[in-house]
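Listed here are the chains, written in short residue letters.
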Amino acid sequence: MDKIQQEVDHLYKNCFGKMVASLLRFSKEIDFETAEDIVQDTFSAALASWKSDSIPTNPSGWIYAVCKNKALNKIKAGKKLAPLAFHERPFQPDYDFTETPFDDQQLAMLFACAHPDLAPKVQVVITLKYVMNFKVEAIAKILAMSIDGVDKILVRARQKIRDERILLVVPNLSKVKDRISIVNKIIYLIFNEGHKSSWGKEILREELCEEALLMCKALFDCKIGNKETAALYALMLFNAARLKARFDLSGALLDLEQQDRKLWNQDLIDLGCYYMQESRSNVISSYHYESSIAYLHCAAKDFSSTDWETITKLYYKLIQLNPNPFVELNYAIALYYAGRVEPAMHLLNYLQQQSFLSNYYLLNATLGKIHLSLGNFKEAKEFLLKTLQQTSFQVEKDFIQKMLDTIDD
Amino acid sequence: MEKFLLLVRQDLTMLRRITEDQHHELIGEMQRWVESLGESNNYLGGEPLTNAGKYVTRDQVLSDGPFIEAKEAISGYILISAENLDQAASIAQTCPVVMRNEMVLEVRPILEMRNMKVDG
């Protein structure tokens, strides 16, 4: 990629959402779509102008100045210009965007994305777009959606946000409090996406985990984060600590049992412990249970000394709080490792009877693995073969194939 | 959180026409979507329905029912939890098959009986 394209992409990634937010604050005359058009237009102009000329000494300053002019042209009548100094921050010389990965405008956008009428998936999509500045193509890739699908979601979300535009102007404290749990949920889902999709070994996805951690930290820096946020932060830190150990040197997937625990990042685990302390509260959220489970895994010096008994109890509590077959699957696994094979199998068979779950690759993989360790090779093979058809990730296929190879016919 | 029933409405004649592979793909697509509902803690349960059925009125039992040739009959249900009807509808809209216009989801709030006062 040539230098100019790179520079434009870099600016786009760092500034798109901020610029849209700035424009919306800049004037009441500008609505969401117009703001996006203006910013998009500015970047096209930058690309064209810099290619025929050269990159200006202060690229971000250039971008903001052109954007402002375009906005002014758009609202020529110029009635209601807010007294806000649109240029203040961006015009600082040599402004380094990486120094402030998160600012007030992004935070305002984050809370705007947390609209209670939007589906969690929609909230994630618009957060990726407007807070993290991902392009539509990138979002589609990360969330395994079609570009068209992402576009449709964005169009509908924009309509909602337009109605709630006030939030983009001043994140008023009472609204912020109302929406903090939705913001927590968005961050959780973004982290999950980065965490589970690291199958593909895509840098972009690990980046998702980092972004989620940054957002959480920003909430504490602004003193908006609550006890739930602290529990969520701890949960993500514990999981992030183990990220690197999930693959062996050849890139093959390793399960918890096989991971080299020395590779777990102790600094992150310690920080997680700190936030777990911070999260102490009378009101216990699902993040509290999940972070406690993650902590117990991190605290065990090897797989066999894992406190499965407590983990089982925590999963049980989690199910009481959020009845959900996907959590029940984890509960069954914990029961199995806690030595309660019969109830574990009972629950797994029950889940297997549920139409949607019976085609769920993780359920079949679990059943395969458990039957394998119980010596029921015929059943193991059946479930593992089923799993093989249900996952599209090569690393997962290899992982399942390895288990299948251990079965003699 | 409130409960909502999503009634899956599809063109049954179309469903009968598609190949096994296409059917598999459709199921996989729904599967991934349901999985994402599970992650966000919105999924409670659900099942597909087979095409066979009976239609009962006071005077007669129509063994096939009128839905066999129906352009838009119920082919399954999904139970979810959501903050409100708007969110439930928004969740339904994210279904990839709905986005492609090959399926309609009817979103109905479930009436919580325990909140109701029974007379007498």
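So, how was this worked out
Residues numbered from 1 in each chain as written. Chains lettered and ligands numbered in written order. Predicted model: local features only at pLDDT ≥ 70, side-chain atom pairs only at ≥ 80, totals over all residues. Helix = DSSP H or I, 4+ residues; strand = E, 2+ residues; numbered from the N terminus. Buried ≥ 20, exposed ≤ 12 C-beta atoms within 10 Å, placed from the backbone. Contact = placed C-beta atoms within 7 Å. Core = buried A, V, L, I, M, F, W, Y, C linked by C-beta atoms within 7 Å. Axes fitted to C-alpha atoms, helices over the stretch in contact; angles between N-to-C directions. Parallel < 35°, antiparallel > 145°, perpendicular 65-115°, else oblique. Left-handed = near helix turned anticlockwise from the far one by under 90°. Domains from an automatic or database assignment. Nonpolar A, V, L, I, M, F, W, Y, C, P; charged D, E, K, R; others polar.

**Q** Mind showing me how you'd approach the overall build of chain B here?
**A** Of regular secondary structure, chain B possesses 4 helices and 6 strands. For chain B, the succession of helices and strands along the chain, N to C, is β-α-α-β-β-β-β-α-α-β. For chain B, buried positions account for 27% of its 120 residues. The contacts in chain B between residues at least 6 apart in sequence include a share of 77% that link residues at least 24 apart.

**Q** How do you make sense of the nonpolar core when you look at a structure like this?
**A** General note: in soluble globular proteins, nonpolar side chains tend to be found buried as a group. Membership of the largest hydrophobic core comes to 132 residues, with the highest contact counts inside it found for Leu-23, Ile-187, Ala-212 and Met-236 of chain A together with Ile-80 of chain B. Beyond its immediate stretch of four places on either side in the chain, Ala-212 of chain A contacts Ile-187, Ile-190, Phe-191, Gly-194 and Met-236 of chain A.

**Q** I'm lost on the packing of helix α1 (residues 3–26) of chain A against helix α2 (residues 32–52) of chain A in this one. Help?
**A** Axes are the key here: two packed helices are described by the angle between their axes and the distance separating the axes. All names here are of chain A. Put simply, α1 and α2 touch, their axes get as near as 9 Å, and they point 155° apart. Here α2 runs roughly antiparallel to α1, going by the angle between their axes. Helix-helix and strand crossings are classified by hand; for α1 and α2 the assignment is right-handed. Contacts from Ile-4, Val-8, Tyr-12, Phe-16, Met-19, Val-20, Leu-23 and Leu-24 in α1 reach Phe-32, Ala-35, Glu-36, Ile-38, Val-39, Phe-43, Ala-46, Leu-47, Trp-50 and Lys-51 in α2.

**Q** Which parts of the structure should I look at to understand the domain arrangement of chain A?
**A** How large an interface is tends to be reported as the accessible area lost when its parts come together. Residues and elements named next belong to chain A. In terms of domains, chain A is made up of domain 1 (3–98), domain 2 (101–219), domain 3 (226–298), domain 4 (307–355) and domain 5 (359–409). Look at where the C-alpha atoms of domain 3 and domain 4 centre, and you get two points 20 Å apart. The partner domain 4 presents 9 residues to the 6 residues of domain 3 that form the contact. Each residue belonging to the side of domain 3 that touches domain 4 can be placed in one class, and the counts come to 3 nonpolar, 2 polar and 1 charged.

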